[in-house]
Amino acid sequence: QVQLVESGGGLVQAGGSLTLSCAASGKIFSENVFAWYRQIQGQGRELVAEVQNGYRNNYAEFVKGRFTIARDDAGNTAYLRMDSLKPEETTVYYCNVETFAYGLRTSGALWGQGTQVTVSS
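Just so you know, these numbers come straight off a predicted model, no measurement behind them.

Reading the values: rules and limits
Every chain is numbered on its own, with residues counted from 1 as its sequence reads. Where totals are concerned, whole chains, interfaces and linings use all residues; where local detail is concerned, this predicted model gives features only for residues with pLDDT of at least 70, and gives and counts side-chain atom pairs only at 80 or more. For side-chain calculations, the full set of non-hydrogen atoms in the structure is used, while hydrogens and water are omitted. We count a stretch as a helix when DSSP gives it H or I for four or more residues in a row; a strand needs E for two or more, and each element gets its number in order from the N terminus. Here the globule rule reads 2.2 Å times residues to the power 0.38, and the radius of gyration is calculated from C-alpha atoms. Only protein chains enter the calculation, and the probe is 1.4 Å; a residue is then buried if its accessible area is under 20% of its type maximum, exposed if over 50%, and partly exposed in between. Areas reported here follow the Shrake-Rupley algorithm with a probe of radius 1.4 Å; residue values treat only the protein chains shown as occluding. Here, two cysteine sulfur atoms that lie within 2.5 Å of each other are counted as a disulfide. Contacts are assigned to residue pairs with any non-hydrogen atoms lying within 4.5 Å of each other. Following DSSP output, two strands are said to pair if at least two bridges run between them. For helices, the fitted axis covers only the stretch in contact; all axes are lines through C-alpha atoms, and the angles between them, taken along N-to-C directions, range from 0 to 180 degrees. In the sections that follow, a salt bridge refers to a side-chain nitrogen of Lys or Arg positioned within 4 Å of a carboxyl oxygen of Asp or Glu.

Visitor: Is there a simple way to think about the overall build of the chain in this case?
Guide: Secondary structure summary: the chain contains zero helices and 11 strands in total. The N-to-C order of helical and strand elements in the chain reads β-β-β-β-β-β-β-β-β-β-β. Taking 14 Å as the expected radius of gyration for a compact globule of 121 residues, we find that the chain reaches 14 Å, a close match to that expectation. Counting only C-alpha atoms, the chain reaches 40 × 25 × 25 Å along its principal axes. Here the chain, with 121 residues, has 41% of them falling under the buried criterion. A total of about 6700 Å² of accessible surface is found on the chain, and carbon and sulfur atoms cover 48% of it.

Visitor: How should the state of the cysteines be read in this particular structure?
Guide: Think of a disulfide as a covalent bridge from one cysteine sulfur atom to another cysteine sulfur atom. Tallied over the entire structure, the rule returns one disulfide. The disulfide partner of Cys-22 is Cys-95, and the gap between their sulfur atoms is 2.0 Å. Residues Cys-22 and Cys-95 are joined by a disulfide whose S-S torsion is about 70°; by sign, that bridge is right-handed. On the criterion of sequence distance, the pair formed by Cys-22 in strand 3 (residues 18–25) and Cys-95 in strand 9 (residues 91–101) is long-range, its members being 73 residues apart.

Visitor: Just to check I follow, could you spell out the environment of Val-117 for this structure?
Guide: Looking at the secondary structure, you find Val-117 in strand 11 (residues 115–120). Sequence spacing of Val-117 and Val-48 is 69 residues, and the spatial spacing of their C-alpha atoms is 14 Å. Those residues within four positions of Val-117 in sequence are excluded, and the remaining contacts are Gly-9, Gly-10, Leu-18, Leu-20, Met-82, Glu-89, Thr-90, Thr-91 and Tyr-93.

Visitor: Even after reading the chapter, I still don't get the sheet that holds strand 8 (residues 77–82), so can you show me in this structure?
Guide: If you trace the four strands from one edge of the open sheet to the other, you get 1-3-8-7, paired in antiparallel fashion. Each end of this open sheet is capped by a strand with a single partner; those strands are strand 1 (3–7) and strand 7 (67–72). With strand direction ignored, the average angle separating the axes of adjacent strands in the sheet is 15°. Sheet topology places strand 3 next to strand 8; six bridges connect them, and they run antiparallel. Paired with Ser-21 across the strands is Tyr-79, a residue of strand 8.

Visitor: Just to check I follow, could you spell out the pattern of salt bridges for this structure?
Guide: Two side chains with opposite charge may pair up if their charged atoms get near one another. Applying the stated criterion across every chain, the model contains six salt bridges. When the shortest N-O distance is used, the salt bridge between Glu-89 and Arg-66 registers 2.3 Å. Taken as a pair, Glu-89 in the loop between strand 8 and strand 9 and Arg-66 in the loop between strand 6 (58–59) and strand 7 lie far apart in primary sequence, 23 residues in all. Both residues of the pair, Glu-89 and Arg-66, count as buried. Among the ionic pairs, Arg-105 bridges to Glu-98, the shortest N-O distance being 2.7 Å. Looking at Glu-98, the relative accessible area reads 3%, which means it is buried. A single network of salt bridges, built from pairs that share partners, joins Glu-50, Glu-98 and Arg-105.

So, in structure tokens, the structure goes:
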């Protein structure tokens, strides 16, 4: 079972930047999708960005042009570079390792604790 540890969050002023890291332990395959989510009201999550080798990176509309996702297959690590951060993006960010097939997104990984991003105005 894949275990995930997020890091890199912190306090930044509006317009600033942070780079989040996702360290995944266990068997990670090239076809796996690395995805970043952010916590929304309650404990729900919404997709921010995802990357899969051989496929175009995918970004939520609200972060396009500002966030960049990258993957380090050798190190089983994914990153989320966040530029021009906005106060409304203050929340907990999580990563996940997923398989996408037959139109379904699945994951055997457990959610990590996430990393807190706080953007001050």
